[in-house]
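Residues per chain, in single letters:
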Amino acid sequence: YVLLGDGPYIAYNRLARSEFRAADQTEAIVQRLAATFTHIRLVKGRWDSELDHRNAGIRLCREDGMDYYFLVDGDEVYRRDHLERLRQEIQARPHVGQFIIKCDTFWRSFRYRIPASQLSWMPRRVFLLSRWSRLGKSPLPLPWPARFTGNNKTNSWGSVYHIPPERVIFYHFSYARRPDKMYEKLKTFSHAHEIPADWYENVWLAWAHDRRMTNLNPVDPPKFPQASYQEATDLPDVLSTHPYFSQEIIT
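Cut-offs used in this document
- Residues numbered from 1 in each chain as written.
- Predicted model: local features only at pLDDT ≥ 70, side-chain atom pairs only at ≥ 80, totals over all residues.
- Heavy atoms only, no water.
- Salt bridge = Lys/Arg side-chain N within 4 Å of Asp/Glu carboxyl O.
- Helix = DSSP H or I, 4+ residues; strand = E, 2+ residues; numbered from the N terminus.
- Buried < 20%, exposed > 50% of the residue type's maximum accessible area, 1.4 Å probe, protein only.
- Core = buried A, V, L, I, M, F, W, Y, C linked by side-chain atoms within 4.5 Å.
- Contact = heavy atoms within 4.5 Å.
- Pairing = 2+ DSSP bridges.
- Phe/Tyr/Trp six-rings, centres within 6.5 Å; stacked < 30°, edge-to-face > 60°.

Engineer: Explain the pattern of salt bridges here, please?
Structural biologist: Two side chains of opposite charge can pair, provided their charged atoms sit close to one another. Enumeration over the complete set of coordinates arrives at 17 salt bridges. A salt bridge links aspartate 75 to arginine 177; the shortest N-O distance between them is 3.3 Å. Taken as a pair, aspartate 75 in the loop between strand E3 (68–70) and strand E4 (76–77) and arginine 177 in the loop between strand E14 (170–175) and helix H5 (179–188) lie far apart in primary sequence, 102 residues in all. Taking relative accessible area as the criterion, arginine 177 reaches 22% and is therefore assigned partly exposed. Close ionic contact of arginine 178 with aspartate 180 constitutes a salt bridge, the shortest N to O distance being 2.7 Å. Classification of arginine 178 as partly exposed rests on a relative accessible area of 29%. Look at aspartate 180 and you get partly exposed, because its relative accessible area is 42%. The network of salt bridges with common partners includes Glu50, Arg54 and Asp73.

Written as structure tokens, this is what we have:
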């Protein structure tokens, strides 16, 4: 399922839909993919918050009888070999309810990033949807359906397991955008109300002139200690055709 919102969230900025209306090519791209890969389902809707959006997706998977919900945001991508390792990690731990997968976060291009080893963020990305638990020898029905109780947390039965980053990571593009798209993100995402008014100018734009800058995160600065230059040799093959791939700084 690809759940495509027809406008930005308004739970964090009630004026977001009147301020940011420009559409991009996402729907056309997904439609082309769905025409080739018939298992892809495009679901269009309007959700007021990230939590509402994610619960809509988990509900569709639950109703289809799927075993797991794998959350992949529009600014996240995985390597093929890491996806196979992820399958192995899940199959080896049937009693785990939520899996943490850390990420390399790109910063202003595909060349600079905050590596997973430096990030304190522990994003949960795979969630068990089973309606049954095992206490003793007999399965017992769960008293609730699986749903998101926070943007990155569900009420899934079972423990939380942190997949080692040397096994699986994803690449996060939330901060690898054109300046105008970054400005839109800052005004519409779930942390919009927490960002200092001068962060965009004093950190985001200023970094291009001082790439040794530290404490980059817009909400909790030490969470992004520093962006470092890295060759793009480890990236998924599909990114080599991305229009931003060759740009040292995305403009």
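There is more to say, and it comes next.
Engineer: Please clarify how the nonpolar core should be interpreted in this entry.
Structural biologist: Grouped burial of nonpolar side chains is what soluble globular proteins tend to show. The biggest cluster of nonpolar side chains holds 30 residues, and the ones touching the most others in it are Ile101, Trp107, Tyr175, Trp199, Trp207 and Leu216. Elements with a contribution of two residues or more to this core: helix H4 (80–91), strand E5 (96–100), strand E6 (103–107), strand E7 (112–114), E14, H5 and helix H6 (199–205). The residues touching tyrosine 175, leaving out its near neighbours within four places in the chain, are Thr105, Phe106, Trp107, Arg108, Met182, Lys185, Phe189, Trp199, Trp204, Asn217, Pro218 and Phe224. In this structure, Phe106, Phe110, Tyr171 and Phe173 belong to the second largest nonpolar core, which totals 13 residues.

Engineer: What am I meant to see in the pairing of strand E8 (residues 124–128) here?
Structural biologist: Put simply, side chains in a regular strand alternate between the two faces of the sheet. Summarising burial for E8: four of the five residues are buried, a large majority. Bridging between E3 and E8 involves three bridges; their strand directions are antiparallel. Directly across from tyrosine 68, in E8, lies its bridge partner leucine 128.

Engineer: Please clarify how the environment of alanine 92 should be interpreted in this entry.
Structural biologist: Tracing the backbone through its elements, the reader meets alanine 92 in the loop between H4 and E5. Since its relative accessible area comes to 56%, alanine 92 is described here as exposed. Distance from alanine 92 to valine 77, taken between C-alpha atoms, is 23 Å for residues 15 residues apart in sequence.

Engineer: Help me out: how do you make sense of H5 in this one?
Structural biologist: In an α-helix, one turn spans 3.6 residues, which is why side chains three or four residues apart end up on the same side. Residues of H5 that are buried include every one of Met182, Glu184, Lys185, Leu186 and Thr188, and no others. Where H5 is buried, its residues touch helix H1 (16–19), E14 and H6.

Engineer: Teacher, can you tell me more about the packing of aromatic side chains here?
Structural biologist: The way to describe two aromatic rings as a pair is by their centre distance and the angle between their planes. For the structure shown, the criterion picks out 22 aromatic pairs. An angle of 85 degrees between the planes, with centres 6.2 Å apart, marks the rings of tryptophan 107 and tryptophan 199 as edge-to-face. Of this pair, tryptophan 107 sits in strand E6 while tryptophan 199 sits in helix H6, placing them 92 residues apart in sequence. Taken individually, tryptophan 107 and tryptophan 199 each receive the classification buried, so the pair is uniform in this respect.

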